[in-house]
Amino acid sequence: MERQTNLMDLIPQEPLSPPPTGAEDVEVPLQGGKLPARLFLASSAAPILFFFIAEKEPVDKYNKLGQYFLGHDISFGVIGYRGAHGLPGEASFENIFSDAKEAFFFLRDKFAEKGRKGPVSLLGRSLGAGVALSLAVELPHEVTALILDSPVVDGISWLAHRGLNTDKDPFEIIEKFKKWRKPLLVFQAQKDEEVSLPEAEKVLIFTAARNKRLLIMPGFKREETIEKGGPLYAETIAELLNRLASRFGRRKTHH
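Residues numbered from 1 in each chain as written. Predicted model: local features only at pLDDT ≥ 70, side-chain atom pairs only at ≥ 80, totals over all residues. Heavy atoms only, no water.

Asker: I'm lost on the environment of Val78 in this one. Help?
Answerer: Positionally, Val78 belongs in strand 4 (residues 75–79). Given the relative accessible area of 1%, Val78 is considered buried. For Val78 and Pro88, which are 10 residues apart along the polypeptide, the C-alpha to C-alpha distance reads 18 Å. When neighbours within four sequence positions are excluded, Val78 is seen to be in contact with Pro36, Ala37, Arg38, Phe40, Phe51, Ile53, Val59 and Tyr62. (Helix = DSSP H or I, 4+ residues; strand = E, 2+ residues; numbered from the N terminus. Buried < 20%, exposed > 50% of the residue type's maximum accessible area, 1.4 Å probe, protein only. Contact = heavy atoms within 4.5 Å.)

Take a look at the structure:
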């Protein structure tokens, strides 16, 4: 049980910076805690993308990415973990998956209250990829597409790399991929120090999805997919979401 609390070592505690123009911060209420989210609102019919971020990443790291998505008329929600940024509660592998489900419905309702009712897709990075996959498999009729960035492939190895050694894999990645049948896009850095390209390709082999795509990012390291990919990264995702929503050539400029 003691090892469960070690996940909090990977959850940032520094206060959030104020949200930029066009964004707002929300605290998602949970039983025994709260988690932070930052929302970027596009037009009323725009697709919505919920982003479960990586370990050690603050919610306010992705302001620029949020602006990129607004430029393509995609509403964007950056979702942190229980207890992040000084909020009450402690994230553990016993609650991050159920917390994600709570956040999904709470934030979808929050967008709807503001007149944003577009189809919802999920983006997950590293730890967040494991969370997003689990949620997508649990709620397949609620999720339009799944996008994963530097996903966990071998859960035990991922944990060990971060000093969270355990005999049980909380992610069960391959088993869950076998259940996912809807559109899947995976970003993989060519120079990822943790996941080899053959391992990343294995993910696509196991998934039941027909519409699936693995994008290898040449010369990039694991932590550089968004940081260096920037506008093209957002454009690639937006093109998929707008196409699935039958919105072609959609671009909205924000200043």
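From this point, the narrative continues.
Asker: Which parts of the structure should I look at to understand the pairing of strand 1 (residues 23–30)?
Answerer: The two faces of a sheet get side chains in turn, since along a regular strand they alternate between them. For strand 1 and strand 2 (residues 33–40), the ladder comprises 8 bridges, and the chain directions are antiparallel. Paired with Pro29 across the strands is Lys34, a residue of strand 2. The turn joining strand 1 and strand 2, which pair antiparallel and follow one another in sequence, is formed by 2 residues; a positive phi near 85 degrees is taken by Gly32. (Pairing = 2+ DSSP bridges.)

Asker: How do you make sense of the pattern of salt bridges when you look at a structure like this?
Answerer: As a working rule, side chains carrying opposite charge can pair if their charged atoms are close by. Applying the stated criterion to the full structure yields 19 salt bridges. A salt bridge links Arg82 to Asp99; its shortest N-O distance comes to 2.8 Å. Here the residue Arg82 occupies a position in the loop between strand 4 and helix 2 (96–113), and Asp99 occupies one in helix 2, the gap between them amounting to 17 residues. Taken individually, Arg82 and Asp99 each receive the classification buried, so the pair is uniform in this respect. Ionic pairing is found between Arg125 and Asp149, a salt bridge with its closest N-O pair at 3.6 Å. One end of the pair, Arg125, is in strand 5 (residues 120–125); the other, Asp149, is in strand 6 (residues 146–149), with 24 residues separating them in the sequence. Neither residue differs from the other here; Arg125 and Asp149 are each classed as buried. Where salt bridges share partners, they join Glu55, Arg162, Asp192, Glu194 and Arg222 into one cluster. (Salt bridge = Lys/Arg side-chain N within 4 Å of Asp/Glu carboxyl O.)

Asker: Any chance you could explain the environment of Pro231 here in plain terms?
Answerer: Structurally, Pro231 is set in helix 7 (residues 225–244). When the C-alpha positions of Pro231 and Lys64 are compared, they lie 9.1 Å apart, and in sequence the two are 167 residues distant.

Asker: Any chance you could explain the layout of surface pockets here in plain terms?
Answerer: Empty space among the atoms becomes apparent when a probe as large as a water molecule is rolled across them. For the largest pocket, the calculated volume is near 230 Å³. Residue composition of the lining of the largest pocket, grouped by class: 1 nonpolar, 3 polar and 10 charged. (1 Å grid on protein atoms, 1.4 Å probe; cavity = no way out; pocket = protein on both sides within 12 Å on 5 of 7 lines; lining within 4 Å. Points joined across faces, edges and corners; volume = space filled by probe spheres on them. Nonpolar A, V, L, I, M, F, W, Y, C, P; charged D, E, K, R; others polar.)

Asker: Mind showing me how you'd approach the nonpolar core here?
Answerer: One recurring pattern in soluble globular proteins is that nonpolar side chains are buried together. In terms of nonpolar packing, the biggest core is built from 87 residues, with Phe50, Phe52, Leu122 and Ile237 touching the most fellow members. By residue number, the principal contributor to this core is helix 3 (residues 127–138), which donates 8 residues. (Core = buried A, V, L, I, M, F, W, Y, C linked by side-chain atoms within 4.5 Å.)

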